[in-house]
2 protein chains.
Amino acid sequence: MARPSNALKSPRRPRAGGYVIGVDIGASNLRVALATMKGSLVGKWRASTKESASPDVVIQQIRAGVDELLAQCSVRRECLRAIGVGAPGVTDASSGVVIATSYLRGWKNVPLRDSLESAVGIPAAIENDVKLAAIGEHWCGAAWGLSDFVFIAIGTGIAAGIFVNGQLLRGGGAAAGEVGYLIVPGTSEVPVKPGAAGSLESTISGEGIRAQWQRLQKNKNAAATTLDATEIFELARRGNRDATDVLQRTARILAYAVYNLSVVLNPALFILGGGVGRSRVLLAETQSILKQYAEPSKPRLALSTLGEDAQLLGGIRLALDRADAGAAR
Amino acid sequence: MARPSNALKSPRRPRAGGYVIGVDIGASNLRVALATMKGSLVGKWRASTKESASPDVVIQQIRAGVDELLAQCSVRRECLRAIGVGAPGVTDASSGVVIATSYLRGWKNVPLRDSLESAVGIPAAIENDVKLAAIGEHWCGAAWGLSDFVFIAIGTGIAAGIFVNGQLLRGGGAAAGEVGYLIVPGTSEVPVKPGAAGSLESTISGEGIRAQWQRLQKNKNAAATTLDATEIFELARRGNRDATDVLQRTARILAYAVYNLSVVLNPALFILGGGVGRSRVLLAETQSILKQYAEPSKPRLALSTLGEDAQLLGGIRLALDRADAGAAR
């Protein structure tokens, strides 16, 4: 059967011309990016989000960000093709609903995709923010070309974006990858209450690491209790004993989590991302523990190459796919 | 484009007539089954395998089993279409190689598929035995119609067959689902040596449960040290205190493993199989612990409906697919 001649000449035709928007709704920051249909970034915008931010407020912020980027970059609104948005928390990409989030209070069964389409006036797609970062790393980061990998984000919280057989793993209830709830030796075994941090998360997220450190300092009546995880790891690198304790405990618990994930999924690579996860000191310590855990197969670790742009680039990728799907309808 | 008229009349034509063979190479038993192209079992054969059985010996046993089944069921050899075989240990289905197994000593990088094709003279496909059981449960057992589920076999060893997005999860190195190596509170944290049982396995497999029991009885100089896991669970049901200790410890460790898998994969269902895993007493105790672990989503447990036939039926399913693939070439 002959195909229409224009399709033969330009199979990618829907992408020619136009722009897409990528958005990351973080626990403390909202970031918006404008990109061409080839995925090149042309502008970024950022605002702070509060824990109390309602969905309506966040959607208005996104709209303001889009307006400002269009003005800054002299792009007409009619040239926008789609918007891809990452939300913190359990997100059902197929129905476009944010089911629950422990960061932005009051977000429960929020129909974010439909609200965005109404507010911004273009096709929208949404995804969990860490899964979005994994999409970004797969598209143009550390996971490029890999069909089986795990992206672990360690920051305010802990979660993973998992690819198996070349596809994002979402699970039966959209809650796959919520590895902040893992129970391993060294974490709490007490069942977690709704909305509270998971066992792994409460021990080795940014907050968890700070709490470990503060417990050690309290007993010694020392002053430096306001350090964050990265500063504590830096102290450890310089030989501070308490900081080394915290680093080693954190690395061991992270190593158990990575080993367990490896045993279940056998991915080609683990990518550490997020503000805390991107620490070279933590990577080295975790790798040295994991060296001993080589059965049935040795887990391989690397740092995120996209850094804090992983989510935004994932959002742009999601928007490009949404634009293509819209054009094909 | 017009299709050949015979294809239109009978799209399933390759299956009309003929038989397939399903095989389960277990740690202690070798089982062979003959089935029609519609998947109905017409005969079964069984022999014992020894830990020391070499690949050549096992292949000869399979050949003998096939010969006997053909004679018993008055089926001519020319009617055989394909053979699907499950092997204990890490198995690369795509290359047809058994990479390593801790049960059958000396099996390392065995090209089982090619050897079988030579010995039996029909197209062959191989798979890890627990993954094969998951294929069986998905085809006609407890996982029928589910795209995301985990089959956990607890017997001599522990492993899982995992389906995500409707596909079997194999992992980058064919070692996905080796959950016998999971490290959770209550298991050993010591790195496992090559060929040795994993942390979870050495605590709550059939052998692990017996060891737990024997440790308790040794201190008391009691007689009943030869009980197996099922008998110990039965004693617990009847109120024996030591047996209840073993049951509760086993159930708690299993609950942590299931919870961790749930947090990573978010499957619709967990299916417990294998000689130990099919215990109703263990199921009830594990479910009662898991009731408390409801965040981010409550794991749902059920027993295997195919029982010890799960692997064999998976083998038949694999052989039917192999026959179809062969006919389509």
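Residues numbered from 1 in each chain as written. Chains lettered and ligands numbered in written order. Predicted model: local features only at pLDDT ≥ 70, side-chain atom pairs only at ≥ 80, totals over all residues.

(A) Local environment of the pairing of strand S10 (residues 158–164) of chain B. Residues and elements named next belong to chain B. S10 sits mainly inside the fold: 7 of its 7 residues count as buried. Residue alternation in S10 divides its side chains into two sets, Ile158, Ala160, Ile162 and Val164 and Ala159, Gly161 and Phe163, and both sets are buried. Strand direction decides the pairing type here: strand S9 (residues 149–154) and S10, joined by 6 bridges, are antiparallel. Directly across from Ala153, in S10, lies its bridge partner Ala159. The turn linking S9 back onto S10 is made up of 3 residues. Sheet topology places S10 next to strand S11 (residues 167–168); 2 bridges connect them, and they run antiparallel. If you follow Val164 over to S11, its bridge partner there is Gln167. Hairpin connection of S10 to S11: 2 residues between the antiparallel strands, including Asn165 at a positive phi of 50°. (Buried ≥ 20, exposed ≤ 12 C-beta atoms within 10 Å, placed from the backbone. Helix = DSSP H or I, 4+ residues; strand = E, 2+ residues; numbered from the N terminus. Pairing = 2+ DSSP bridges.)

(B) Layout of the nonpolar core. One finds Val179 of chain A together with Val179 of chain B to be the most contacted residues of the largest nonpolar core, which totals 206 residues. For Val179 of chain A, the residues in contact, after removing those within four places along its chain, are Ile152, Ile158, Ala159, Ala160, Leu200, Ala257 and Leu261 of chain A together with Val263 and Val264 of chain B. (Core = buried A, V, L, I, M, F, W, Y, C linked by C-beta atoms within 7 Å. Contact = placed C-beta atoms within 7 Å.)

(C) Main features of the environment of Ser95 of chain A. Residues and elements named next belong to chain A. With respect to the element layout, Ser95 can be found in the loop between strand S5 (90–92) and strand S6 (97–100). Residue class for Ser95 comes out partly exposed when judged on the 13 C-beta atoms lying within 10 Å of it. C-alpha separation for the pair Ser95 and Ile253, spaced 158 residues apart in sequence, amounts to 35 Å.

(D) Local environment of the relation of the copies chain A and chain B. Rotating chain A by 180° and moving it 0.0 Å along the rotation axis overlays it on chain B with an RMSD of 0.0 Å. Interpreted geometrically, this transformation is the action of a two-fold axis. The residues that chain A uses at the interface reappear at the interface of chain B in 100% of cases, marking a shared surface. (Least-squares fit on C-alpha atoms with pLDDT ≥ 70 in both.)

(E) Examining the sheet that holds strand S12 (residues 269–273) of chain A more closely. All names here are of chain A. Strand order across the open sheet formed by 5 strands is S11-S10-S9-S12-S13, with mixed pairing between neighbours. The outermost strands of the open sheet, each flanked by one partner alone, are strand S11 (167–168) and strand S13 (301–303). Against the sheet, helix H4 (residues 129–140) touches strand S9 (149–154), strand S10 (158–164), S11 and S12, its axis set at about 45° to S10. Against the sheet, helix H9 (residues 280–290) makes contact with S12 and S13, and its axis sits at roughly 175° relative to S13, the strand it touches most. (Axes fitted to C-alpha atoms, helices over the stretch in contact; angles between N-to-C directions.)

(F) Examining helix H3 (residues 112–120) of chain A more closely. Residues and elements named next belong to chain A. Listed as buried for H3 are Leu112, Arg113, Leu116 and Val120. Along H3, the residues classed as buried sweep out an arc of 95° about the axis, all on the same side. Looking at the buried positions of H3, the neighbouring elements they touch are helix H2 (55–72), strand S4 (80–87), S6, strand S7 (108–110) and strand S8 (124–128). (Arc of directions from axis to C-beta.)

(G) Seen up close, the domain arrangement of chain A. All names here are of chain A. Taken domain by domain, chain A consists of domain 1 (15–129 + 309–328) and domain 2 (142–305). One C-alpha centre belongs to domain 1, the other to domain 2, and the line joining them spans 27 Å. If you look at the interface, domain 1 gives 9 residues, while domain 2 gives 8 residues. By residue number, the principal contributor to the side of domain 1 that touches domain 2 is S5, which donates 3 residues. Residue composition of the side of domain 1 that touches domain 2, by class: 6 nonpolar, 2 polar and 1 charged. (Domains from an automatic or database assignment. Nonpolar A, V, L, I, M, F, W, Y, C, P; charged D, E, K, R; others polar.)

(H) Molecular detail of the sheet that holds strand S5 (residues 90–92) of chain B. Residues and elements named next belong to chain B. Overall, antiparallel pairing links the 3 strands, which are arranged S5-S6-S7 in an open sheet. Bordering the open sheet on either side are S5 and strand S7 (108–110), each of which pairs with just one other strand. Here the average twist between neighbouring strands, direction ignored, is 20°. Relative to strand S6 (residues 97–100), S5 runs antiparallel, the two sharing 3 bridges. Bridging across to S6, Thr91 finds its partner in Val98.

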